[in-house]
Amino acid sequence: MNTSRSRVKSVKRVSGTALAVLLTTGTLTVVAPEAHGESTRTEAPVASSGTVAVAGVTETVVRVKAPLPVSFGARPAACDWLSYLRYRSSDGPAESAGADRILVAQPGILEGAGAFDSVARNTVARAAERGLHIEFWALDRRSNCMEDHTGIDSGDQHAAVDYYYRGKQVAGRTFAGFVGNDKLGWMAKLGIEQTVRDQYTLLTAELPDQGLRERKVLCGGHSLGGVITGYFAVADFDGNPATTADAGHRQCAGYFALDTTVSTSLADLSGSIPDDTNLPDIGLGYGVVQAGLDSGLLPRSLSAPVLLNAETMTLLAIAGVGAIQDPDGEADLPSYLPANLNIEATNRFLFAKDAAAFLTGSPAVKDFRLTNETVLGALLDDNSVPLAFLQSSVGFFDGGPIVDKSFPVTNGDDEQPGLFGTAYKAIPDRPHGPLYTWRNYDRVGDPDDPGYRSADGTPFTGAGKEVTDIQELARSLAAQPLDFTEQYFPTKLVTDLELATSPQVKRLIVHPDGLTANPTLTVLAGDGLLAGRVPAALDPVVADGYQHLDVLTAAPTQNNGRPEPVSTSLTEFARDPR
């Protein structure tokens, strides 16, 4: 199953409402009046195949030219474009303005537009079943312009590894290397102000009629995307607070929050960052941080040596390629990858049974026999990966003895930090032994399920805790033109939000009543980041058994026989946001 991109005929954009979209064999042509001169908009079809593809949904990748201010400095030409994945009902209007509703979604931290693939398809399809033609726009942050998808797009795992690590060409191209901090100077200014302005620029370019936007657009996001939506709602985009047609909340008919809240504070997500401080913030902290970003003393892209960096984000997609290419075949990825400090540290962190295995590196992941699906599951399943914000519920290990994974935390520990989530962690226990397979979410609890348990007798999982199809997850990771993960997340976006009380950030809150100006749908993962501490008065829809990523990746058919709750709730909200 691969993503294929057709030729794109793109022309100068004059009026979004004047577009005529013509579908021809292998080509999506976007035609506007006065079709000459430099292209400022392209739209190309994304073809998905396979049993997990949702019928009746048309996906395209849209790019709109929106140059940054000169003050941002030198940057690749691709970074002067905004991109999003557009999902619409195949039987619905070809023009976005004709849709019944348009959902516009901001990604969370370390996420790209591809992360919304399943929830977007499921929502568009469910709405069509109810006679509603909606669109779902999954936004990509501008900084994703730095990513090189060439190796992933090959659809071959070995070719991808060779491209990113061994200097071999794919499609006539050689990888230039992961981008270092010294080449990311322009990202030092890519904070919350530019992020919300990018959304406004895109909306006004694609839907020039402000009244239409206010009637039809629902603004929202996942995780950090909820906070970005909050800032969008209170923003003023023409510099004159007295004129409100340009205000953020006047671009939306409602808000939606996926395992997050629509607010201007990180406190709801972290549970530890206060809204207020005892001392007034005169802006010194903001200025020092900005100077550090400008000079390069502070990293312009958020990264860590384990998991959270451009290289390891790419590894997730490479694992997805293998799961699509040969799901049940025995994986050789752990041994085929080159040995370096980053990969070794990540493998030890993810696959160490205990502290001794982490420190010694033995047994290593390459000592186990795993299928390609099992490798992917081990990288992102809630019973394996320790970090809660990277967890989904895609099934469980099978095919051999399984034991507790007690590193970096011990199962059943009441003091376990929320960062690691609540699910018991497990790991294969027989190096050089049986071939460990992956039991997909919808086979957990079947009669042939061994029902693996922790040493204390607690079941590691159950049918009610598994909601995401591993092949859908693989498709989102490896078969989308815009990534699921985000290789170069702008540090300034987080530091701005952490310094929300500084004058430089406070000034962005021009219309504070914008947060409550429109109705809000909040959908929370039952086992997600806000589990056990839901903010008061939210009246959320709670998706039982879901982890943080599951609100984006859950399959349309659930184990309990009920409709998938996230897409169902979004569909009903789109029908009537009041």
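Residues numbered from 1 in each chain as written. Predicted model: local features only at pLDDT ≥ 70, side-chain atom pairs only at ≥ 80, totals over all residues. Heavy atoms only, no water.

Participant: Run through the overall build of the chain, naming residues and quoting values.
Facilitator: Along its length, the chain carries 18 helices and 18 strands. The burial tally for the chain puts 57% of its 578 residues in the buried class. Put simply, the chain shows about 22000 Å² of open surface, and 54% of that area lies on carbon and sulfur atoms. (Helix = DSSP H or I, 4+ residues; strand = E, 2+ residues; numbered from the N terminus. Buried < 20%, exposed > 50% of the residue type's maximum accessible area, 1.4 Å probe, protein only. Areas by Shrake-Rupley, 256 points an atom, 1.4 Å probe, with all protein chains shown as cover.)

Participant: Would you mind going over the nonpolar core in detail, with residue names and values included?
Facilitator: Counting 140 residues, the largest nonpolar core has F136, L258, I318, V566 and L570 as the members making the most contacts within it. A per-element tally of this core places helix α9 (residues 310–325) first, with nine residues. Counting residues in hydrophobic clusters, the runner-up holds 11 residues, among them F72, L184, M187 and A310. (Core = buried A, V, L, I, M, F, W, Y, C linked by side-chain atoms within 4.5 Å.)

Participant: Describe the pattern of salt bridges, with residues and values.
Facilitator: Evaluation of the coordinates by the stated rule reveals 32 salt bridges. A salt bridge links E330 to R369, with the shortest nitrogen-to-oxygen separation between them at 3.0 Å. Taken as a pair, E330 in the loop between α9 and α10 (333–336) and R369 in strand β12 (residues 369–370) lie far apart in primary sequence, 39 residues in all. A salt bridge links D449 to R439; the shortest N-O distance between them is 3.9 Å. (Salt bridge = Lys/Arg side-chain N within 4 Å of Asp/Glu carboxyl O.)

Participant: Lay out unusual backbone geometry in plain terms, naming residues and giving numbers.
Facilitator: Residue S362 is joined to P363 through a cis peptide bond whose omega torsion reads 0 degrees. Secondary-structure assignment places P363 in the loop between α12 (355–360) and β12. For the bond from F407 to P408, the omega torsion is 5 degrees, close enough to zero to count as cis. Residues other than glycine seldom take positive phi values, yet L110 does so here, at roughly 60 degrees. Of note, L110 is situated in the loop between β8 (101–106) and α1 (117–129). Even without being glycine, D539 reaches a positive phi, approximately 50 degrees. Mapped onto the elements, D539 comes out in the loop between β17 (520–525) and β18 (541–543).

Participant: Describe the side chain of D162, with residues and values.
Facilitator: Relative to the assigned elements, D162 resides in helix α3 (residues 157–165). On the basis of relative accessible area, D162 is assigned to the buried category, the value being 10%. Leaving out residues up to four positions away in the same chain, D162 has contacts with G167, K168 and Y336. (Contact = heavy atoms within 4.5 Å.)

Participant: Quick rundown of the environment of P434? Include the residues and the values.
Facilitator: One can find P434 in the loop between β15 (426–428) and β16 (435–440). Note on P434: relative accessible area 28%, which makes it partly exposed. C-alpha of P434 to C-alpha of G399: the two residues are 35 residues apart in sequence and 6.8 Å apart in space.

Participant: Mind laying out the state of the cysteines, listing which residues take part and the relevant values?
Facilitator: For the structure on display, the rule yields two disulfides. The disulfide partner of C79 is C145, and the gap between their sulfur atoms is 1.9 Å. Taking the torsion about the sulfur-sulfur bond, which here is approximately 85 degrees, the covalent link between C79 and C145 counts as right-handed. Of this pair, C79 sits in the loop between β6 (57–65) and β7 (81–89) while C145 sits in the loop between β9 (134–140) and α2 (150–153), placing them 66 residues apart in sequence. Taken individually, C79 and C145 each receive the classification buried, so the pair is uniform in this respect. A sulfur-sulfur distance of 2.1 Å marks the disulfide that ties C219 to C252. Linking C219 and C252, the disulfide has an S-S dihedral of approximately -90 degrees and is accordingly described as left-handed. Taken together, the positions of C219 in strand β10 (residues 217–222) and C252 in the loop between α6 (224–234) and β11 (254–258) put the pair 33 residues apart, joining distant regions of the chain. Classification of C219 as buried rests on a relative accessible area of 1%. Taking only the cysteines that form disulfides and numbering them from first to last, the chain has the pattern 1-2, 3-4. (Disulfide = S-S within 2.5 Å.)

Participant: Requested: an account of the confidence of the model for the chain, with residues and values cited.
Facilitator: Considering every residue of the chain, the mean pLDDT works out to 88; 88% of them sit at 70 or more. Contacts of residues 1–36 to residues separated by more than four positions or lying in other chains number 96 contacts, the stretch itself having pLDDT below 50. Considering only residues more than four positions removed or in separate chains, one finds that residues 270–280, a stretch of pLDDT under 50, has nine contacts. (pLDDT = per-residue confidence, 0-100.)

Participant: Now, about the packing of aromatic side chains: what can you tell me, with residues and values included?
Facilitator: For the structure shown, the criterion picks out 17 aromatic pairs. A centroid spacing of 5.8 Å and a plane angle of 75 degrees characterise the contact between F396 and F397, whose relative ring orientation is edge-to-face. Owing to a relative accessible area of 3%, F397 belongs among the buried residues under this scheme. A network of ring pairs unites the aromatic residues Y163, Y164, Y165, F175 and F178 as a single cluster. Positioned above the aromatic ring of Y336 is the side chain of R166, whose terminal nitrogen or guanidinium carbon lies 4.5 Å from the ring centre. (Phe/Tyr/Trp six-rings, centres within 6.5 Å; stacked < 30°, edge-to-face > 60°. Lys NZ or Arg CZ within 6 Å of the ring centre and 35° of its normal.)

Participant: Give a description of the sheet that holds β12 that names residues and reports values.
Facilitator: If you walk across this open sheet you meet the three strands as β12-β16-β13, and the pairing is mixed. In this open sheet, the two strands that pair with only one neighbour each are β12 and β13 (395–398). Where β12 lies against β16, two bridges are found, and the strand directions are parallel. Bridge pairing links L370 to Y436 in β16. Its contacts with the sheet put helix α13 (residues 372–380) on β12, β13 and β16, and the angle it makes with β16 is roughly 65 degrees. (Pairing = 2+ DSSP bridges. Axes fitted to C-alpha atoms, helices over the stretch in contact; angles between N-to-C directions.)

Participant: For the pairing of β10, give the residues involved together with the corresponding values.
Facilitator: The side chains of a regular strand alternate, residue by residue, between the two faces of the sheet. The buried count for β10 comes to six of six residues, which makes it a mostly enclosed element. As paired elements, β8 and β10 share five bridges and run parallel to each other. Its bridge partner lying in β10, L103 is registered against L218. Relative to β11, β10 runs parallel, the two being bridged by five bridges.

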